[in-house]
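Here are the chains, one letter per residue:
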Amino acid sequence: MILIPTYNTVVLPGSKIYFRKDYLQEAGVDKISVGEKVTFLYLREPKDKDITMEDIYPIAVAGQVLSVDDEGGANLEAFNRINVEYIDFDTQNVIGVQRPEIDDLDPNDANAMLVGLRDELLSYVTKFQWGLMARGYVLAWKNMNEVMVGLSPFMNITPEEKYAVLSEDSTKARAELIAQYAREFMAINEVSEEAKQAQKELHEKAYREDAIKKQINFLQKALDEMHPENISEVRKFEEKIENSGMNEVARKEADNVLNRMKQEGKDSHEYGLLYNYLDFVTSLHWKKEEPKDIELDNAMEVLDREHYGLKKVKKRIIEQLAVMSLNKKQSGSILLFVGAPGTGKTSIGKSIAEALGREYVRISLGGVRDEADIRGHRRTYIGAMPGRIMDGMKKAGTSNPVMVLDEIDKLASSYNGDPASALLEVLDPEQNNTFTDHYMNVPYDLSDVLFVCTANSLDTIPGPLLDRMEVIRFTGYTALEKFSIAKDHLIPKAKKKAGISEDNLIIEDETIKALINGYTMEAGVRGLKKQISALCRHAAVELVKNNKEILDVKPEDLQEYLDQRPIRHESILEKKQAGVVTGLAWTAVGGEILFIETMLTKGKGKVKITGQLGDVMKESVDIALSLVKNMYPESHEVFENNDIHIHVPAGAVPKDGPSAGITMTTALSSLVNNIPVSPEYAMTGEVSLRGNVMPIGGLPEKLMAAARAGIKKVFIPDENKDDLKEVAEEVLNELEIIPVKRVEDVLSVVLK
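Only a predicted model underlies this, so the values are computations on that prediction, with no experimental measurement involved. Each chain has its residues counted from 1, following the order in which its sequence is written. Where totals are concerned, whole chains, interfaces and linings use all residues; where local detail is concerned, this predicted model gives features only for residues with pLDDT of at least 70, and gives and counts side-chain atom pairs only at 80 or more. Neither water nor hydrogens contribute to the side-chain values; these are computed over all heavy atoms in the structure.

Turning our eyes to something else, we now look at the overall build of the chain. For the chain, the helix and strand inventory stands at 26 helices and 24 strands. Radius of gyration means the value over C-alpha atoms here, while the globule rule gives 2.2 Å times the residue count to the 0.38 power. On C-alpha atoms alone, the chain measures out to a radius of gyration of 50 Å, which is more than a quarter above the 27 Å that the 2.2 N^0.38 rule sets for 752 residues. Along the first, second and third principal axes, the C-alpha set of the chain runs to 145 × 75 × 50 Å. Across the chain, contacts joining residues at least 24 apart in sequence account for 72% of those joining residues at least 6 apart. Where accessible areas are quoted, they stem from the Shrake-Rupley method and a 1.4 Å probe; at the residue level, only the protein chains shown are allowed to cover. Here the chain displays about 39,800 Å² of accessible surface, and carbon together with sulfur accounts for 50% of that area. Charged-residue counts in this description rest on Lys and Arg as positive and Asp and Glu as negative, His and the chain ends being excluded. Charged groups are reduced to one reference atom each: NZ for lysine, CZ for arginine, CG for aspartic acid, CD for glutamic acid. Both charge centroids of the chain, one from 93 positive and one from 120 negative side chains, sit 7 Å from each other. Per the convention used, a helix needs a DSSP run of H or I reaching at least four residues, while a strand needs a run of E reaching at least two, with both numbered from the N terminus. Note on contacts: a residue pair qualifies if any of its non-hydrogen atoms lie within 4.5 Å across the two residues.

Simply put, an axis is a line fit to the C-alpha atoms, just over the touching stretch for a helix, and the angle between two N-to-C directions goes from 0 to 180 degrees. Following both chains from N to C, one finds helix H23 (residues 661–673) and helix H26 (residues 743–750) inclined at 45°, their axes separated by 10 Å at the closest point. Looking at the two axes, H23 sits oblique to H26. Judged by the sense of rotation from one axis to the other, the crossing of H23 with H26 is right-handed. In this structure, H23 uses Ile662, Thr665, Thr666 and Ser669 to contact H26, whose residues at the interface are Val743, Val746, Leu747 and Val750. Its residues assigned to classes, the contact of H23 with H26 comprises 5 nonpolar, 3 polar and no charged. The labels follow the angle: roughly parallel below 35 degrees, roughly antiparallel above 145, roughly perpendicular from 65 to 115, and oblique for the rest. Working rule for handedness: look at the near helix, and if it is turned counterclockwise from the far one by less than a right angle, call the crossing left-handed; if clockwise, right-handed. The nonpolar class holds Ala, Val, Leu, Ile, Met, Phe, Trp, Tyr, Cys and Pro. Asp, Glu, Lys and Arg form the charged class, and all remaining residues, Gly among them, are polar.

So, on to the nonpolar core. Formed by 53 residues in total, the largest nonpolar core has its most connected members in Leu278, Leu405, Ile408, Leu427 and Leu446. By residue number, the principal contributor to this core is helix H9 (residues 271–283), which donates 6 residues. When neighbours within four sequence positions are excluded, Ile408 is seen to be in contact with Leu336, Leu365, Leu423, Leu427, Cys453, Thr454, Ala455, Ile461, Leu465 and Met469. Definition of nonpolar core: a set of buried residues of the types Ala, Val, Leu, Ile, Met, Phe, Trp, Tyr and Cys, connected through side-chain atoms within 4.5 Å. For each residue, the accessible area found with a 1.4 Å probe, counting protein chains only, is set against the maximum for its type, and the residue is called buried under 20%, exposed over 50%, and partly exposed in between. Counting residues in hydrophobic clusters, the runner-up holds 50 residues, among them Met324, Val402, Leu515 and Leu528.

Right, let's talk about the layout of surface pockets for a bit. Cavity and pocket criteria rest on a 1 Å grid covering protein atoms alone: a 1.4 Å probe that fits but cannot get out defines a cavity, protein on both sides within 12 Å along at least 5 of 7 lines defines an open pocket, and an atom within 4 Å of a point defines a lining residue. Grid points are joined across faces, edges and corners, and a volume is the space filled by probe spheres set on the points. Considered as a void within the structure, the largest pocket measures approximately 1,400 Å³ in volume. Counting residues per element, the ones that place at least two in the lining of the largest pocket are strand S1 (2–6), strand S2 (16–19), helix H1 (21–26), strand S5 (74–88), helix H2 (107–125), helix H3 (131–140), helix H4 (144–151) and helix H6 (171–226). Across the lining of the largest pocket, the residue classes break down as 25 nonpolar, 8 polar and 11 charged.

This part takes up the side chain of Arg99. On the secondary structure map, Arg99 appears in the loop between strand S6 (93–98) and H2. Of note is the side chain of Arg99, whose polar atom sits 2.8 Å from the side chain of Asp169. Among all residues touching Arg99, those that are not within four sequence positions of it are Ile59, Arg81, Ile82, Asn83, Ser167 and Asp169. A 3.5 Å cut-off defines polar contacts: any pair of N or O atoms within that distance qualifies, except that in protein one atom must be a possible hydrogen donor and the other a possible acceptor, and neighbouring residues in sequence count only when both atoms are side-chain atoms.

Glancing now at the sheet that holds strand S7 (residues 334–339). Pairing between two strands requires that DSSP report at least two bridges joining them. In space, the 5 strands of this open sheet follow the order S8-S9-S12-S7-S13, with parallel pairing throughout. The strands lining the two open edges of the sheet, one partner per strand, are strand S8 (360–364) and strand S13 (469–474). The average undirected angle you get between the axes of adjacent strands in this sheet is 20°. Taken together, the 4 bridges between S7 and strand S12 (residues 450–455) define a ladder with parallel strand orientation. Residue Leu335 lies in a different strand from S12, and its bridge partner there is Val452.

Turning next to a nonpolar patch on the surface. Only residues above 30% relative accessible area that lack a salt bridge enter a patch, with like-charged residues linked at up to 9 Å and the nonpolar side chains Val, Leu, Ile, Met, Phe, Trp and Tyr linked at up to 5 Å. One speaks of a salt bridge when a side-chain nitrogen belonging to Lys or Arg is within 4 Å of a carboxyl oxygen belonging to Asp or Glu. Together, Trp130, Met133 and Tyr137 line one region of the surface with nonpolar side chains, adding up to about 400 Å² of accessible area. When you line up the elements, Tyr137 lands in helix H3. Take Tyr137: its relative accessible area is 55%, and that puts it in the exposed class.

On to the pattern of salt bridges. Inspection of the entire model under this criterion finds 37 salt bridges. Two residues, Lys315 and Glu319, come together in a salt bridge whose shortest N-O distance is 2.9 Å. Of this pair, Lys315 and Glu319 both sit in helix H11 (residues 311–327), 4 residues apart, which is roughly one turn of that helix. Residue class for Glu319 comes out partly exposed when judged on its relative accessible area of 36%. Ionic contacts of the salt-bridge type, sharing partners, join the residues Arg81, Arg99, Glu101, Asp169 and Arg174 into one network.

Here we come to the pairing of strand S4 (residues 59–68). The sheet contact formed by strand S3 (residues 37–42) and S4 spans 4 bridges and is antiparallel. Pairing of Val38 across the sheet is with Gly63, part of S4. As judged from the 9 bridges shared by S4 and S5, these two strands associate in the antiparallel manner. Considered in S5, the bridge of Val61 is made with Arg81.

What follows concerns the packing of aromatic side chains. Ring pairs shown here join Phe, Tyr and Trp side chains whose ring centres sit within 6.5 Å, with only the six-membered ring taken for Trp; geometry is labelled stacked below 30 degrees between planes, edge-to-face above 60, and tilted in between. The final tally for this structure, using the stated rule, is 12 aromatic pairs. Where Phe19 meets Tyr23, the ring centres are 5.1 Å apart and the plane angle is 25°; that geometry is what we call stacked. What makes Phe19 buried here is its relative accessible area of 5%. Since its relative accessible area comes to 27%, Tyr23 is described here as partly exposed. Members of the aromatic cluster, each reached through a chain of ring pairs, are Phe19, Tyr23 and Phe40.

The subject of this paragraph is the environment of Tyr57. Along the chain, the position of Tyr57 falls in the loop between S3 and S4. In sequence terms Tyr57 and Glu160 are 103 residues apart; their C-alpha atoms lie 9.6 Å from each other. In contact with Tyr57, other than residues within four places in its own chain, are Tyr42, Leu43, Arg44, Pro159, Glu160 and Tyr163.

Time to look at empty space enclosed by the protein. For the coordinates displayed, the defined rule picks out 1 cavity of 30 Å³ or more. Of the volumes computed, that of the largest cavity is approximately 50 Å³. Forming the boundary of the largest cavity are Thr6, Thr9, Val10, Val11, Phe40, Leu41, Tyr42, Ile59, Ala60, Val61 and Leu166. When residues of the lining of the largest cavity are traced back to their parent elements, those giving at least two are S3 and S4. For the lining of the largest cavity, the class distribution of residues is 9 nonpolar, 2 polar and no charged.

Attention now goes to H9. A helix is expected to reach a length of 1.5 Å times the quantity of its residues less one. In this model H9 runs 18 Å from its N-terminal to its C-terminal C-alpha over 13 residues, within 8% of the 18 Å that 1.5 Å per residue would give. Among the residues of H9, Tyr271, Leu274, Tyr277, Leu278, Phe280, Val281 and Thr282 are the ones counted as buried.

As structure tokens, this is what we get:
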């Protein structure tokens, strides 16, 4: 007895089946001979070895070997079904009983059913290339059971459905089930074949179309190389879009606009708008730049070469570059340089670009009052243009320039929107990687751009915008720093610009100092640069007109050469006077000293204030009066019988701020007690009604002004002691700084 397990193939009684030698060997049959008895087992799951009773269905089919060919294959015939009770797989003995057949199918009906199904199968196979070979197999089938045996390996039905055919006792019901499965097989395969053919045709069409396009592109490219002057605008944009490296959204939008451009044609009124859009987006640099190694020593050398002083500013810039070097990408805070005009805020941005080896772009925001200047106009408007940010990116020609947003404090808002709010997205590292300009209408990555902003004052910058930036203050230059800048930078550049050689014009050190002290009044060096340029222009006239070879400029020549009188600075008072005290003020162009002048006149206790004082300074006057009245109650008759006039020159200059509180209090105390205050003293600080001296801002600039005016001793709030670190050493060497906590600390010194 030989056991032959099958899985896909269903063996039915009365059928003949052929097994190849390799199949028999996989089933464990090494030798087979004619006439040998066999039992066909139907497996529940595919399995080759260690088959048990649980692996097979309970119905098997008995058969016999009809013949064995030379290659080892065997023809077998199935006789009847068996209800299997037990199988000894070692001896291959089967214990079971024959399962009866219900022969309820008339032979004529069976033959008619077979002929009809066979005709359908023959008609089906003719639709395929393999149909001629399959035709012989179909004609060889003698009954419906053989049809099932032949088709069962290819039917798309479950093993349970195949077993249902084997377990069916009624020959009529079994034949009908076989016919049903055979027709389902033909229908499913026919639909599947149609789908495959349709897919094949679709693929062939796509391949053909792709091949034709490649040939057209190849031929077009060859023509373009032969006649570059005849390349169409559409073709140029196709190549630019292909090579641009745009993101997916931008590429889709550019393709859509290009298709519209093709459809509209050159005669359309929209052609120019579409052309301008494509020209802009393809001019942008979309690809990420590879991070460069940042050499901090080289960066420091560049900063020192181009800018004198500014140690704290340079230190913070080097820190930023070090973070970028470690992260290999743009990271860290957005820097905001705040200081007086001419202190080098904008030019240091250019030096940062040189130190990094990046492109430099400057965008002036002064007077911008339309949101569209930042975000651009929508393309539906006539004359639509991209915003200044994206226009700057186009000019840079790279995705990681150093972009200086100049005069950010001069932004204004109007009915056209708030440009400061539009800048929030630009300067936010969490959002600017998908910045969307209204004109482009696609996201662009600004995360690699190093933004540097400049401002003269923080007062007009909105809070949310200021929060996104780190403030670095430019305190202004001392006289010594201005001297070094003029000698090493400004004069050589001015000579070169005027075409004067080094030997033709000699400007002595004393002349430079006189020029700084007598003809400039600023924290920066912009005015100094203008005066040096004017000096060089006058020298050029002298050298050309009078044929001079050398012109030596002395301090006394400045008024004639510059054609202007020296600027009058407020300086220390020549003599002390009761009621007059020197204060310190911060202005947009640096620090300055001012005098608080008070006077008593006969009257009824009225207070008169002149000098264009703002509301805050007027409140300081009220606080000072209350403090003085409280401190000197014995002088109440002075206040009752006299009017007090308080004046702060110059009268044409508006003044405001809280830092004159201590000066007002001292001046009134000096007036009431008729004790003059020495001119060598100056002071700054806000006062409270409790008599405390409160901290103020702008201390470095105020102390510079005090040193320039010849002041020797300066009172400052005790809480401002830490700000002395920002003051130049040469200024501190000229002044005696006296920190105070209360008004009494000042009065006890100056009213001796």
